[in-house]
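Survey of secondary and tertiary structure
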Amino acid sequence: MISATEALVRLRDGNRRFVEGDRSIDKLMSQARSTEFVARQNPLAAILGCSDSRVPVEVVFDQGFGDLFVIRVAGNIVAPSQIGSVEFAAERLGTRLVVVLGHTRCGAVGATIEDLQHAQSQSWNMNSIVSRIRPSVEGLLATELKHDHEALVTQAVRANVRASVNQLRHGSDVLERLSRIDGLQIVGAEYSLETGIVDFFDGP
């Protein structure tokens, strides 16, 4: 079992390689059909990330087949299916690091801000995403940030990541137990579309 501390080091190192253009993932692609991955998986981390096409998780962390258990959904929101997926990685696969990965200029967060400011019409399914992001944004709209859209989105993205981290930490008996007695860590991070750097800003 890979500890949360070691897994976090490996993710930081992988992101550094990605930013510097010194990627090793091409070499790892040849492992795709390895019998090792057919028989079992032992991911070093579970990543709950946004579905945005500009944030391919394995690429930005320079990881290969079998390294990451990736759950992607618009706005990196937490709903029962996402919690269950994280529980599976932590309890069944022994993964001890969970990262909620948001990103700059998140479209789902932007759509939520538009909905709150201008009462945009959303489909029922889209609203199921927006409604989970809304509590992270509403408080910010009561501040001076409401006059600076770019700053508002920046702060809302991080607030939304923190909310998702909090839901995972306290919304599952399984994850709470593993955090308390077995070294599970759940952290928040933000990927910069502009620089490629992942900032782990919400630690355990």
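Here, residues in each chain are numbered from 1, in the same order as that chain's written sequence. Under the rules for a predicted model, residues below a pLDDT of 70 receive no local features and side-chain atom pairs below 80 are neither given nor counted, while totals for whole chains, interfaces and linings still include all residues. For the side-chain quantities, the full set of heavy atoms in the structure was used; hydrogens and water were omitted.

Further remarks concern helix 5 (residues 80-92). Going along the chain from the N terminus, every DSSP run of H or I of four or more residues is numbered as a helix, and every run of E of two or more is numbered as a strand. What a helix should span is 1.5 Å times the count of its residues minus one. An ideal rise of 1.5 Å per residue puts 18 Å on 13 residues; helix 5 measures up with 17 Å between its terminal C-alpha atoms. Three or more residues of helix 5 are buried, namely Gln82, Ile83, Val86, Ala89 and Ala90. Projected down its long axis, helix 5 carries its buried residues within an arc of 125°, all on one side. Exposed residues lying more than 90 degrees from the buried face of helix 5 are Pro80 and Arg92. Burial status follows relative accessibility: with a 1.4 Å probe on protein chains alone, a residue under 20% of its type maximum counts as buried, one over 50% as exposed, and anything between as partly exposed. The directions considered for the arc run from the helix axis to the C-beta atoms.

Quick look at unusual backbone geometry now. Positive phi, close to 50°, is recorded for Asp62, a residue that is not glycine. Here Asp62 lies in the loop between helix 4 (57-60) and strand 2 (68-72). For Asp62, a relative accessible area of 1% gives the class buried. The backbone phi angle of Arg105 is positive, close to 55°, even though this residue is not glycine.

Next up on the list: the pattern of salt bridges. The term salt bridge refers to a pairing of a side-chain nitrogen on Lys or Arg with a carboxyl oxygen on Asp or Glu at a separation within 4 Å. In the structure shown here, the tally under the stated rule is twelve salt bridges. Between Asp182 and Arg96 there is a salt bridge, with its nearest N and O atoms 2.8 Å apart. In this pair, Asp182 sits in the loop between helix 9 (173-181) and strand 4 (185-191) while Arg96 sits in the loop between helix 5 and strand 3 (97-103), placing the two residues 86 residues apart along the sequence. For Asp182, a relative accessible area of 35% puts it in the partly exposed group. The class for Arg96 is buried, based on a relative accessible area of 5%.

Let us now look at the packing of helix 5 against helix 9. Convention adopted: a line fitted to C-alpha atoms gives each axis, helices being fitted over their contacting stretch, and angles between N-to-C directions are expressed from 0 to 180 degrees. Between helix 5 and helix 9, the shortest axis-to-axis distance is 9 Å and the interhelical angle comes to 40°. Accordingly, the angle class assigned to the pair helix 5 and helix 9 is oblique. Viewed along their axes, helix 5 and helix 9 form a crossing whose handedness is left-handed. For the pair formed by helix 5 and helix 9, the contact residues are Val86, Glu87, Ala90 and Glu91 on the first element and Val174, Leu175, Arg177 and Leu178 on the second. Just so you know how the angles are binned, under 35 degrees is roughly parallel, over 145 roughly antiparallel, 65 to 115 roughly perpendicular, and the rest oblique. For a crossing to be left-handed, the near helix must be turned anticlockwise from the far one by less than a right angle; the clockwise case is right-handed. Contacts are residue-level and defined by heavy atoms, with any inter-residue pair within 4.5 Å sufficient.

Time to look at the packing of helix 6 (residues 107-118) against helix 8 (residues 149-170). When two helices pack together, you describe them by how their axes are tilted relative to each other and by the distance separating the axes. Two elements in contact, helix 6 and helix 8, have axes separated by 9 Å at closest approach and are oriented at 115°. Regarding helix 6 and helix 8, the two cross each other, and that crossing is right-handed. On helix 8, the residues touching Val109, Ile113 and Gln117 of helix 6 are His149, Leu152, Val153, Ala156, Val157 and Asn160. For the contact of helix 6 with helix 8, a count of residues per class yields six nonpolar, three polar and no charged. Note that Gly is not counted as nonpolar here; it falls among the polar residues with everything else outside the nonpolar set of Ala, Val, Leu, Ile, Met, Phe, Trp, Tyr, Cys and Pro and the charged set of Asp, Glu, Lys and Arg.

Attention now goes to the side chain of Ser172. Here Ser172 lies in the loop between helix 8 and helix 9. What qualifies as a polar contact is a pair of N or O atoms within 3.5 Å, subject to a donor-acceptor requirement within protein and to the restriction that residues adjacent in sequence count only when both atoms come from side chains. Within the local environment of Ser172, its side chain forms a polar contact with the backbone nitrogen of Val174, the two atoms lying 3.3 Å apart. Leaving out residues up to four positions away in the same chain, Ser172 has contacts with Ile83, Glu87 and Gln167.

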